[in-house]
Structures are given as structure tokens and as C-alpha cells.
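Structural description and commentary
Spelled out, the chains give:
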Amino acid sequence: MILQISFLIIYFVVLIILFIYGLHRYYMVYLFYKYKSHTPKAEGIMDPLPRVTAQLPLYNEMYVVERLINAVCNIDYPKELIDIQVLDDSTDETANIAKRCVKEFKDKGWDITYIRRSVRKGYKAGALSEGLKTAKGEFILIFDADFVPTPDILKNTIHHFSGKGVGMVQVRWGYLNRGYSLLTQIQSILLDGHFMIEHTARNRSGRFFNFNGTAGIWRRTCLESAGGWQNDTLTEDLDISYRAQLAGWKFVFLTEEVSPSELPVEMNAFKSQQHRWAKGSIQTAKKLLPRIIKSDLPLKVKIEACFHLTNNISYLLMVVLSLLMYPVMVARFNMGWFEMLITDLPFLFVATAAVSLFYVCSQREIHKNWIKRLLYIPILMSLGIGLSINNSKAVLEALFNKETPFKRTPKYNIDTKEKKKGVWKDKKYRGERNFLPFIELSLGIYFTFNIYFAFVNEIYVSIPFLTLFQVGFLYISFLSFFQSFRGNRKVHPTTL
């Protein structure tokens, strides 16, 4: 009896915390609609136009490096006012491809240089810092290898720096391969919510938001005054964003400006990306939250920073909730399951509805066919639950200061038109294999048993929630196993 009560206490504490994070999503939606009409306007025109340095950090990107360099060299901006740095740390054929592309455009009159460090330290942050030593621009435009910048990217962003306090301008991500698979469809919705709702709400309501590591432009003096790029977290972009805003710089998010990018098409690559983002956010929270809390920033900024930087803790709580599900169901059944259920059902419903509303609103704002896209929402919620093991590992590593290398996300130069070709399967890069799919599969089986228990004992109202967990863990595990053993096994390293 004491053990059952202990399980119930822990269960409800976890449920209440998740409920609070769910309420925060409602608040983000509220802020979005409250400030939606507050569209950022450039204070003036940059005349004459300033010099810009475009930095292109690379590490083993043989399939997309040429596409990236071509796109950057087609940006509509005076050629004499832009210099391009190809910051290459590659250990494979990427280096030769990049050198060839740089030579071709240099021969055409572009101010483009190939930069290779003698010692690769500091991951992407180290490469960007190295480039800054020779950068000629007053402003720094950054694009990762999986992006294809549009020709008008600079013309649509540079004039926002006419306000002297503006330190960074970020544009929204678009997706070249959104319709490639179920996985890419779900990823696009996840990121749409982040950019359309979170970024817009935070930026236009006067709270902090972050540069996303790519598809943005920085004022060089902002980077330098904030302490420059630092490599003590896996999310150098999130880290410097908060340091710059703490230093008093203003950021601008342009919802209507979109930069196309390529989403991971392989489950293990997607999980590796999510692991890096989750771990980096907790590392940044440990590094900067004490400073934020002690600062004289407005309370609303401090509270939002706490939610933003600690949000990935919810994955760890989700794992605890998952493990407690069966003992709590047994306790509820023994103590009178209906009475217990009516106390936690509202928490579960509010948390679930919050996720649904958050992503429904983002799809409604972006897509004309948003109603059709709502069919993906249940799968999206399951995927979020299924990721909890992967991201909890990241959170624990950050909390206990376990150092891990920067693992870049493999890119294959795939768009939606190539869906039927399955071209990624025979390419050399692949996401990391590890033991996590076995744990995810075990939890999928565990929730299958829980569904059976609920059905046999006529606790029917729990079955939809249990199914979300079951589907999420099984989908993540099966796709991780299936894609790990398909295609070319000559896998090149993704660790920098």
C-alpha cells in the first residue's frame, strides 16, 4: 500500500510539472495572436549598402556542398560588397569538391576563399571563430550545408540593421523535402511550431529568442561584444543568442522570409540532431540561467528564458511517466480506478490538447491546406513521446557534464521530387547506431501490455493515451532498426 501511494505521488508530481509546461504552450499561442500584427519594420535604408561576409561551415557534406556554394554565389547583392568563406573541416571527398567550387567562382570574379584549419577544435563554433579572423564584412551571414539561400536573402534582411541596436536577424526555415516521407512531414510540423509560434511570440512580445545556427545574419560587433563563439555547449547558436541579448542587443525574426533547407530523412540522423539540440539547450541553461535570473531583466523575460532553456527536461519526465504507467494503473484499479482517473485525466487532456493546439495554429498560419495536415498531429504527438528516451539521454548527459563530440546531421541533397528514388539508402553517411532502439522497443511492448490490461479491466478511457505511447515507441524503434541495416554500409563519420 505504501509503495502504491509512493508511485501515485511521484506520478502526480510529474503530471503536474508536465501540465505546467503544457500551459506554457497555451501561453505561447496567446502571445502569438496578441502580437501577430506587430510585424518588424526596418527603421530605414542602409545606404550605402554595407559589406557582408558569408560563412559556410562544412564537415563531410559531399552531397550538398556544391548546391550551397552555387546558391550563395547567386545571392543578389553587389559582388564587391560580399566575401564568402568556405570553412571546411571535412575528412572525405567534400574537401576536393569544395576546393573545385571555390576555384570556379573565384575565376568568375567572386571574393571567395577556402579555409581549412590545421587543428580542428571547437566544432562549428571553432570554425566560425577562425573565419572571423579574416572576415572583411561588417555583417556575417551564416548558412549550414543543408540550406539553399534565396537570391533576395540579403536585400530582405540587411535594412533591418538600420536600427543600431539590432544585432541579429533570423529568417524562418522552409523545407525542400517536406513531403518526402511521414518522418519529414512530422519534422516540418514540429519546426513550423517552433518558428511560427515560439519565435514570433517571443520576439514580438519583447522576450528573448534565439538564432538557429543558420539562415541568419549578425552584426559583427554584436558577436564580438557578446564574447564571440564559444564551444562549451553543443548549441553554440543558442548560447551566443542569450549572451548577446543579455548584453542589450535586439534581435529580429522575419516570419515571412523563408530559407529552404533539407530535413533528415533517416530516423537515426533525426535522433542524433534532436539529441544535440536537447543536450545543448540544457548545457546552455546550466551556463546562463543563473546569470539571467540575477540580472535586472524584466520578470517576463526571465520566466520565458526558464521555460525556453529547460523545456527538454519534459522528455525526462515523460520517461518517468511512462515507467510509472502500469503500477499507477494497478494502484488505481485497486483503490477505485474511476475516482483516481477523474483526477489525472484533466491533466493529461490539457497537456495533449496544448500540443495539438500549438501545432494546429502553426499549420493554419502557414499552409492553405492546413486542415489536411491535421491528420499528422496524432502521429506527431506519438513521435514526441517516442523521442523521450533519446532526448532524456541527452538531458542526463548535460546534467552530469558528460562530454560527447559534436555529431552533424547527414544530408543527401534530397527533395520531395526524389521521393520514389530512395536515393539516400546508397549514400555514404548514416546516423549513429546505438542501444536506444532496444529500450524504445521494450517500452513499445510494455505499453502494448498496458493497453491489454486497460482493456481487460474495462479502463477504456485510458486506451487512447496509452496508444499514443505505444505507437511512438514502436515507430521510433522499428524505423531505427530498419533504416540502420538498409543501403550502403560504408558509412563515413558524422562526428566532428
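None of these values were measured; they are calculated from a predicted model.

What counts, and at which threshold
- Within any chain, residue numbers begin from 1 and follow the written order of that chain's sequence.
- For a predicted model such as this one, the threshold for reporting local features is a pLDDT of at least 70, and the threshold for listing and counting side-chain atom pairs is 80 or more; totals across whole chains, interfaces and linings nevertheless cover every residue.
- Values reported for side chains reflect all heavy atoms of the structure, with hydrogen atoms and water molecules removed beforehand.
- Helix and strand labels come from DSSP, where a helix needs a run of H or I of at least four residues and a strand needs a run of E of at least two; each type is numbered from the N terminus.
- In what follows, residue pairs with any heavy atoms lying within 4.5 Å of each other are defined as contacts.
- Per residue, pLDDT measures the predictor's confidence, with a range of 0 to 100.
- For two strands to count as paired, DSSP must find a minimum of two bridges between them.
- Axis definition: a line fit to C-alpha positions, over the contact stretch in the case of helices; interaxial angles, taken between N-to-C directions, run 0 to 180 degrees.
- Centres within 6.5 Å are what make two rings of Phe, Tyr or Trp a pair, Trp counting through its six-membered ring; a difference in plane orientation under 30 degrees is then read as stacked, over 60 as edge-to-face, and the rest as tilted.
- Working definition: with a 1.4 Å probe on protein chains only, accessible area under 20% of the residue-type maximum means buried, over 50% means exposed, and in between means partly exposed.
- Remark: a charge is flagged as sitting over a ring if the NZ atom of Lys or the CZ atom of Arg is within 6 Å of the ring centre and within 35 degrees of the ring normal.

Turning our attention to the side chain of R220. Following the sequence through the fold, R220 ends up in helix α6 (residues 220–225). When neighbours within four sequence positions are excluded, R220 is seen to be in contact with L132, A135, K136, G137, E138, F139 and I140.

On average, the chain scores 91 in pLDDT, and the residues at 70 or more come to 92%. Under a pLDDT of 50 for its full length, residues 488–493 has, in the predicted model, 20 contacts with residues more than four places off or in other chains.

A few words now on the sheet that holds strand β5 (residues 166–175). Picture the strands of a sheet paired through backbone hydrogen bonds; they go either parallel or antiparallel. Strand order in the open sheet formed by seven strands is β3-β2-β1-β4-β6-β5-β7, with mixed pairing between adjacent strands. Looking along the sheet, the strands with just one partner apiece sit at the ends: β3 (111–115) and β7 (250–261). Strand-to-strand twist in this sheet, taken as the mean axis angle between neighbours without regard to direction, amounts to 20 degrees. Pairing between strand β2 (residues 82–88) and β3: five bridges, direction parallel.

Here Q470 shows up in helix α16 (residues 463–484). Sequence separation of Q470 and F19 is 451 residues, and the distance between their C-alpha atoms is 21 Å. Other than its neighbours up to four places away in sequence, Q470 contacts G444, F447, T448 and I451.

Okay, the packing of aromatic side chains next. Applying the stated criterion across every chain yields a total of 25 aromatic pairs. Between F32 and Y33 the ring centres are 4.9 Å apart and the planes differ by 80 degrees, which places this aromatic pair in the edge-to-face class. Here F32 falls in the buried class, since its relative accessible area comes to 2%. A relative accessible area of 34% means that Y33 is categorised as partly exposed. For the ring pair Y326 and F453, a centre distance of 5.4 Å and an interplane angle of 80 degrees mean the geometry is edge-to-face. Here the residue Y326 occupies a position in helix α10 (residues 313–335), and F453 occupies one in helix α15 (residues 436–456), the gap between them amounting to 127 residues. By the ring-pair criterion, three or more aromatic residues cluster together here, those being F143, F147, W173, F195, F209, F211, W218, W229, F251 and F253. Geometry around F358 places R25 over its ring, the cationic atom sitting 4.8 Å from the centre. Seen from the ring of F105, K108 lies directly overhead, with NZ or CZ sitting 4.9 Å from the centre.

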